[in-house]
Amino acid sequence: MTITIIGSGKVGASAALNCGLRELDDVLLLDIVQGLPQGEAMDINHHLSERGIDCYVQGSNDYHDMQGSDIVVLVAGIGRRPGMTRMDLLKTNTGIVGEVAQQIRQYANECILIVVTNPLDPMTFVALKQTGFRRNMVMGMGGLLDLSRFKSFISEVLEVSRTSINAMVIGEHGENMLPLIRFSSVAGIPLQEFLSDGQSGEILEKTKNVAAQVISTKGATTHAPGNAIATIAEAIIRDKKSVIPVSAFLDGEYGAHNMCIGVPAVIGSNGLDRIIELRLNDYEKKIFDKGVIDVKEAIESIGLN
Ligand SMILES: NC(=O)c1ccc[n+]([C@@H]2O[C@H](COP(=O)([O-])OP(=O)(O)OC[C@H]3O[C@@H](n4cnc5c(N)ncnc54)[C@H](O)[C@@H]3O)[C@@H](O)[C@H]2O)c1
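Throughout what follows, the structure given in this document is the object of discussion. Please read all numbers here as calculations on a predicted model, not as lab measurements.

Quick notes on the rules
Each chain carries its own residue numbering, running from 1 in the direction its sequence is written. Owing to the predicted nature of the model, reporting of local features is limited to residues with pLDDT of at least 70; listing and counting of side-chain atom pairs is limited to 80 or more, with chain, interface and lining totals taken over all residues. Note: side-chain values were computed over all heavy atoms of the structure, leaving out hydrogens and water. Take the buried residues of types Ala, Val, Leu, Ile, Met, Phe, Trp, Tyr and Cys, join any two whose side-chain atoms come within 4.5 Å, and each joined set is a nonpolar core. Think of it in three bands: with a 1.4 Å probe and only protein chains considered, a residue is buried below 20% of the maximum accessible area for its type, exposed above 50%, and partly exposed in between. Contact definition: two residues touch when any of their heavy atoms are within 4.5 Å. Summary of the distance rule: residues count as near a molecule or strand when at least one heavy atom falls within 4 Å of that molecule or strand. The term polar contact refers here to a pair of N or O atoms within 3.5 Å; inside protein, the definition further demands a hydrogen-donor-capable atom paired with an acceptor-capable atom, and it admits residues adjacent in sequence only when both atoms are side-chain atoms. Calculation of accessible area relied on Shrake-Rupley with a 1.4 Å probe; when residues are assessed, cover is drawn exclusively from the protein chains displayed. Helix numbers and strand numbers start at the N terminus; a helix is a DSSP run of H or I with at least 4 residues, a strand a run of E with at least 2. One fewer than the residue count of a helix, multiplied by 1.5 Å, yields its expected span.

## With respect to the nonpolar core
Line of reasoning, step 1. Met 66, Ile 104, Leu 113, Ile 232, Ile 267 and Phe 288 are the most contacted members of the largest nonpolar core, which has 97 residues in total.
Line of reasoning, step 2. Setting aside chain neighbours within four positions, we find Leu 113 in contact with Val 72, Leu 74, Ile 104, Ala 127, Thr 131, Phe 133, Met 137, Val 138 and Met 139.

Right under this line is the structure:
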């Protein structure tokens, strides 16, 4: 088993380090920039060496090296600059993801594919279509990152340990993300018992906007997405059957068809085992459906519906 990460920039390199720290497997870092994946590999190996971890990271510019990989992370592409939305990346990254998907199909056609490139939901759809993979084999990482932010704000506002929080974020990884207060708890106690309406509104706004704040301060988000990728890879490698929000191809679930968007799913060695359907109330459904419409529009605009 090998994990290949295509795109060795900020998020790809962090994902490689996080996979290594969890001792998941050897990692291949790929990129079109000569020297970059090799340099990152050396740096990460030195970190792992000092920790006494026998997972090895290799860097390459040659797709042949990913032959037979069991897990592939697709994180190649341009990122947001301050003031941009994820959808602003649509055209450029559709080209990159389409091109990389052909290579994945050629060299790792039995892998489980984790898509990370933004705009996440349309790119997951592009990767699914261009690889021709079955829908259990392709998922997008976005909701889990949103969830890590949601949990961090809940913990901050309530002044309780992060370990006591259980929560869920679904919907578009973008303007219509849907943190679900109603399906979240502190040690099993419904979150609504703790929060005033004002506090809930504040947490929701912060969860939605904090990525832009990170980008406007340090230029990109790095460590939280790197960790979220490793969490999904771990669920697959260790067949954990973890319930994780991922961008999944919907075929009638949540009333949506022929598109990808964030939903809770059981993740294990077969990839996406099954989707969990939540009974959304009218308010939640409105936001979820707006996400579906926007993602479908994006997919249509690139001619892929
Ligand atoms: N889904 C999420 O939650 C999430 C979170 C953070 C970032 N992202 C997205 O991930 C992507 C990467 O972000 P980053 O900050 O690591 O960017 P980055 O610019 O640091 O790295 C991107 C890398 O992709 C490489 N690349 C471009 N085209 C390629 C190709 N055809 N084959 C192989 N490599 C190629 C580039 O050379 C570069 O090294 C962006 O689209 C960003 O928006 C998604």
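Okay, back to it.
## Quick word on the site of the ligand
Line of reasoning, step 1. Around the ligand, the structure places 30 residues, and the nearest of them are Lys 10, Val 11, Asp 31, Ile 78 and Met 141.
Line of reasoning, step 2. A distance of 3.1 Å is found between a nitrogen atom of the ligand and a side-chain nitrogen or oxygen belonging to Tyr 63.
Line of reasoning, step 3. Burial of the ligand by the surrounding chains reaches 89%, relative to a free accessible area of 860 Å².
Line of reasoning, step 4. At the level of elements, α1 (10–21) and α3 (90–107) are the ones that each hand at least two residues to the shell around the ligand.

## Structural notes on the side chain of Asn 93
Line of reasoning, step 1. Turning to its location among the elements, Asn 93 is positioned in helix α3.
Line of reasoning, step 2. Sequence-distant contacts of Asn 93, defined by excluding residues within four places in its chain, comprise Gly 77, Ile 78, Thr 117, Asn 118 and Met 123.

## Some thoughts on helix α6 (residues 197–218)
Line of reasoning, step 1. Between its terminal C-alpha atoms α6 stretches 32 Å, which fits the 32 Å expected from 22 residues at 1.5 Å a residue.
Line of reasoning, step 2. Here α6 has its buried residues at Ser 200, Ile 203, Thr 207, Val 210, Ala 211 and Ile 215.
Line of reasoning, step 3. Considering only its buried residues, α6 is in contact with α5 (143–158) and β9 (177–179).

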